[in-house]
Amino acid sequence: MSLDVLRTRRAPAIMKVSSEYLSKIRVRFKTCRPARTTTTLTCITRLMTALMLMLLLPRFLSAQGYDVFIDLEEEGTSPGDIKSASTNHDGLKCDRTFVSTNEGSRNGTFTSPLLDNQEGHVRQCLFTFVAAPGERVHLTFTMFNLRGTPPDGSTAGHTAMCSHEYIDLYTEIPDSEPMDLIHSPFGGRYCGQIPPRRRVSLYRTAVLAFFTDKNSSIVDDLLFQGTYLFFKDDQFQVGTHVPRTTCNFTIDGLVKRQGDIVTPTYPGVYPKDLTCAYKFIGKKGQRIRLEFRDFDTFYGGPHCPLDAVDVYDGLDAKAPLIGRYCGQQRNVVIYSTEHHLLVTFTTLKRTADSQNRGFLAKFEFSENFVKLDFISREDSKHDRGSECDQTILSRKGSSAVVYSPNYPFPYIPGIVCKYNVYGLQDEQHFERIRLDFEKFDIPSADSTCSDGFLRIYLKGQDISVTYLYEKHDHELCSNNVSSPYWSEGQRLSMIFSSGQTQGSGFKARFLFATEYLIPGTPSPLGGCNFTYMSSSKKRGEFNSPRHPARYPSNLTCTYNFVLAGPHENVRLYFDQFKVRANDTTVFYGSYCQEDWVEIYNVFYGGKEVLLGRYCGDSFPGPVESDPGTIGLKVVLHTDEEGVFNGFKGRYTFDENISINRDCGSNLSVPGAASGVFTSPKYPEKYDRSSGLLSCSWQIHSAKDHRILLHFESFSIEGEMETRGCAMAAVRVWKRLDEPPVEICGEKLKEEHETFMSEGNAMKITFTTADKVAGGKGFRAIWTEVKIPALVGGYDCDDGGLYFRCANSTFCIAKQLECDGNPNCGLNDNSDEGTHCAAMVASEESSSVLLMLTLGACALTLLMTLCIVCHRKRQRRRPPNINYERRPFAPPPPFDTMSSRPSMSLPADIPSPPPPAQLYTSLPPLSIDVGDNV
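Residues numbered from 1 in each chain as written. Predicted model: local features only at pLDDT ≥ 70, side-chain atom pairs only at ≥ 80, totals over all residues. Heavy atoms only, no water.

Novice: Describe the sheet that holds strand β17 (residues 274–281), naming the residues involved and giving the relevant values.
Specialist: Taken together, the six strands give an open sheet; going across it, the order is β14-β15-β17-β22-β19-β20, and neighbouring strands pair in mixed fashion. Each having just a single partner strand, β14 (240–241) and β20 (321–325) make up the two edges of the open sheet. Sheet topology note: the β14/strand β15 (residues 248–252) ladder contains two bridges and is antiparallel. If you follow H241 over to β15, its bridge partner there is F249. (Pairing = 2+ DSSP bridges. Helix = DSSP H or I, 4+ residues; strand = E, 2+ residues; numbered from the N terminus.)

Below, the structure is given as structure tokens:
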């Protein structure tokens, strides 16, 4: 007899699974008959050895923790005739063999064995299924009820829960004699109530190993049941088999124009650690269509790092990859670009259980698939793997032309082509797409476009998703075309479906226009140019490109705010502002060298006057267009380096007012050499209740003079170096044809407390925003000065017309000395020094003398006037005078013809006194005027 040890301590399981399995040993003895090469003595020796092993080996190995099974096999018997015996010598047979023969049944059922195991030893029963050459075995479990529960659904590896009763499967047993289970791949261990999925053998043989330590089982105690089927393996012979490979095939289009390809054990669970290749070779002019009707592989992640199906657009794996697929897929249809295609199926060697069935795909070679010569290689690209889909990508502001298949000739009926158009979209770019049709001929019998159509998707719909397929924005056929069409974002898609009625199709042009996400009217010439017309909208918003996202680099954007007429002005307010400046201390003026925002007054004839340049985090102050302008212009400039969030602002068109706005005036008065002006309500706070303020002061000096402006008090909300002057701003023009200086804050820097004009004119404005909180405002003193260095270098003249300032050396009008206002500038109070006290006292005494002199002169003049008037009245005295009251005056002569009686004077009347005594000693005159006077 011969000893065949199928399991040893080095291979502790009947199939290679894990070192954690219960160790079992099967010893198989064959009967020995004397022959030419075997003597009777030899057989007796072998028999004695076998008996000793039967007696001693079970006890020894059982003490080591092994279960031993001994089989007796007679020479010449088939595997189905194997007789089994267990170590408890109960004589029960539980192994079964199913062999496919021409006479036997090709299908049937199998059930769990009936066992009587009173001592509770582990029993093993093998169910062996052997197919005929050219056949495979198909196993299906219809009932499954074994003790134990698979941990977390896993049935391989560490399976402590399947330690008492389970089934091991082997479906990848190579065709060899004797059957080698030790080196055969393990197909999984199963217990509980969830049966294994269907299995198809990779070769001719499949083995089911049942293990249990149950005491007994009866007819009603059925543990598992299933069906088996022997079937031809023609479906797996998909082409010409490559020698010395398991599942590599070549499919020739001249031999087989269409058919199926399947994974090696489909629809059963596919093996692990396997690589299959299906190479399709057609003739020139053909294309290959591959459609996966069923696809179920292990899903290891979105990039399919484990089991996967790879499709290459060529003869080998060096060709372009069309796609990598895993998991469960639906509606996967692939077209080759030319007449070659390669499909590979790879599974990894792993302990994790997987019960996926693989795939079933149909292929077809044909010359009638769409020719791809209608796709422009300059403007678009064929979507590899599709019949006629194409992708059009922007080249930054470019355009592209696309056609329907076979254009300008009639298109092929019953085809579907997709067009995916993408503008640029990244941190620097964002484009929209304009679609125009130059030719359109898709006939349809009715307006429903039931026989051919072109659907347009403008909202960025993913037309590869089925439920979005019907959510189109436009459906075109016949002549219902009304281009242009604009995408809402950076993606536009089209689906062309040809009906049975043929037409020449269409020719369309795509234009990629940068989308800046700026409210306003874009320029028809493109670019970042926007216009805001008063006649269209009185108020609104504007912002940097793509705000609040970062604006693009290397860009110039223009915002034009256009008035409806001279009776209007426009105001701008900035609510957010952050423009890149490498130097954090730079925020205004020509120091902004990287990115900046500039604001201009625009006049008739195109003349532009800069109001300011801003950068950093410092907000521009409120801006109002000057009288006589046609509007304002804002320019954003960015360089090629880093970018920030930009700005957001508001604009308002209002009725125009006087040249001095709400407040302010022309401070230049003939003969005036200095003056004082303040913000509204100063020293009280200006606030929102005062309304929007826009004040303008203009000052002009004499020739060869300058204007010195000094802010004696200043409190305007804001902070120039941090948050800017968004709510209120004072602007000072030292020269009218140059940008002003913009200031705000609670405390001014020294260089901003005093300003000197660069000519004989100066302008000051004060503007508040609609969200102003309020502040005390300012008090400013202006002085007309002469600077010797600017007018020939001479000193102040000696004619007494000027006063020379001690520190600044300015020459100011003499009358400004000691006038109570510092007129010499910052840190120079020489015109209001200590000498002003004596000068004031002298001036006061001189004023008193002058007043007394003037009073005396006035009294003398009055007395002289009174005398003159009195004498004139005497000359006009009437004749009817009572002389009794005027004894000093002689009576007038009487006319002899008068009817009045004569009067005689007494002789003792004295002569009249001198005239001076008449005004001091005589009583008042009494004049009696007659009726005839």
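Novice: Explain the pattern of salt bridges to me, and be specific about the residues and the numbers.
Specialist: Applying the stated criterion across every chain, the model contains 38 salt bridges. Ionic contacts of the salt-bridge type, sharing partners, join the residues R197, D294, D296 and R357 into one network. (Salt bridge = Lys/Arg side-chain N within 4 Å of Asp/Glu carboxyl O.)

Novice: Now, about the side chain of S386: what can you tell me, with residues and values included?
Specialist: The topology assignment puts S386 in the loop between β24 (380–382) and β25 (390–393). A polar side-chain atom of S386 sits 2.7 Å from the main-chain carbonyl oxygen of D383. A distance of 3.1 Å separates a polar side-chain atom of S386 from the backbone nitrogen of D389. Sequence-distant contacts of S386, defined by excluding residues within four places in its chain, comprise R287 and Y335. (Polar contact = N/O pair within 3.5 Å; in protein donor to acceptor, adjacent residues only side chain to side chain. Contact = heavy atoms within 4.5 Å.)

Novice: Residue-level account of the sheet that holds strand β23 (residues 358–366), with values.
Specialist: Adjacent strands of a sheet pair through backbone hydrogen bonds, lying either parallel or antiparallel. Taken in spatial order, the four strands of this open sheet run β16-β23-β18-β21, and their pairing is antiparallel. Each edge of the open sheet is held by one strand with a lone partner, namely β16 (258–262) and β21 (332–335). With strand direction ignored, the average angle separating the axes of adjacent strands in the sheet is 20 degrees. Bridge count between strand β18 (residues 287–296) and β21: four bridges; the pairing is antiparallel. (Axes fitted to C-alpha atoms, helices over the stretch in contact; angles between N-to-C directions.)

Novice: Please set out a nonpolar patch on the surface residue by residue, giving values where relevant.
Specialist: Side chains of L859, L862 and M863 sit close together on the surface and give an oily, nonpolar patch of about 310 Å² of accessible area. Relative to the helices and strands, L862 resides in helix α3 (residues 835–875). (Patch = residues over 30% accessible without salt bridge, like charges linked within 9 Å, V, L, I, M, F, W, Y side chains within 5 Å. Areas by Shrake-Rupley, 256 points an atom, 1.4 Å probe, with all protein chains shown as cover.)

Novice: Account for the packing of aromatic side chains, naming residues and giving values.
Specialist: All chains considered together, the criterion is met by 57 aromatic pairs. The structure contains a cluster of three or more aromatic residues connected by ring pairs, namely F98, F110, F127, F129, F141, F144, F210, F224, Y228 and F230. The side chain of R613 reaches across the aromatic face of W596, ending 3.8 Å from its centre. A cation sits over an aromatic face here: K763 above W733, 4.7 Å from the ring centre. (Phe/Tyr/Trp six-rings, centres within 6.5 Å; stacked < 30°, edge-to-face > 60°. Lys NZ or Arg CZ within 6 Å of the ring centre and 35° of its normal.)

Novice: Could you give an account of the state of the cysteines, with specific residues and numbers?
Specialist: For the structure on display, the rule yields 11 disulfides. With its sulfur 1.8 Å from that of its partner, C388 forms a disulfide with C417. Classification of the bridge connecting C388 and C417 rests on its S-S torsion, roughly -100 degrees, and on that basis the disulfide is left-handed. Here C417 lies in strand β27 (residues 416–422) and C388 lies in the loop between β24 and β25, a separation of 29 residues in the sequence. One disulfide bridge connects C663 with C695, the sulfur atoms lying 1.4 Å from each other. In this structure the cystine formed by C663 and C695 twists about its S-S bond by roughly -50 degrees; its chirality is therefore left-handed. Residue C663 is located in the loop between β43 (646–655) and β44 (674–678), and its partner C695 is located in strand β45 (residues 694–700); the two are separated by 32 residues in the primary sequence. The class for C663 is buried, based on a relative accessible area of 17%. The thiol sulfur of C866 is not disulfide-bonded, and the nearest other cysteine sulfur, from C869, lies at 6.6 Å. Note on C869: relative accessible area 44%, which makes it partly exposed. (Disulfide = S-S within 2.5 Å. Buried < 20%, exposed > 50% of the residue type's maximum accessible area, 1.4 Å probe, protein only.)

Novice: Give a description of the side chain of D379 that names residues and reports values.
Specialist: Counting through the fold element by element, D379 comes out in the loop between β23 and β24. Residue D379 is classed as buried on the basis of its relative accessible area of 17%. At 3.2 Å, the side chain of D379 and the backbone nitrogen of V401 are in polar contact. Apart from residues lying up to four places away in sequence, D379 is in contact with I392, L393, R395, S399, A400 and V401.

Novice: Can you lay out the confidence of the model for the protein chain for me, pointing to particular residues and giving the numbers?
Specialist: Keep in mind that low pLDDT regions are not for reading the predicted coordinates in detail. With 78% of its residues at a pLDDT of 70 or more, the protein chain shows a mean pLDDT of 80. For the protein chain, strand β4 (residues 83–86) is the element with the lowest average pLDDT, namely 30, and strand β19 (residues 308–312) is the one with the highest, namely 97. Below a pLDDT of 50 lies the segment residues 894–909, which in the model reaches three contacts outside its immediate sequence neighbourhood of four places, other chains included. (pLDDT = per-residue confidence, 0-100.)

Novice: Now, about unusual backbone geometry: what can you tell me, with residues and values included?
Specialist: Put simply, Y407 and P408 share a cis peptide bond, and its omega is 5 degrees. Mapped onto the elements of the fold, P408 is located in the loop between β26 (399–403) and β27. In the segment running from Y682 into P683, the intervening peptide bond is cis, with an omega of 5 degrees. You can see P683 is positioned in the loop between β44 and β45. In this structure, R244 is a non-glycine residue whose phi angle is positive, near 60 degrees. Along the polypeptide, R244 turns up in the loop between β14 and β15. Unlike most non-glycine residues, R546 shows phi in positive territory, near 65 degrees.

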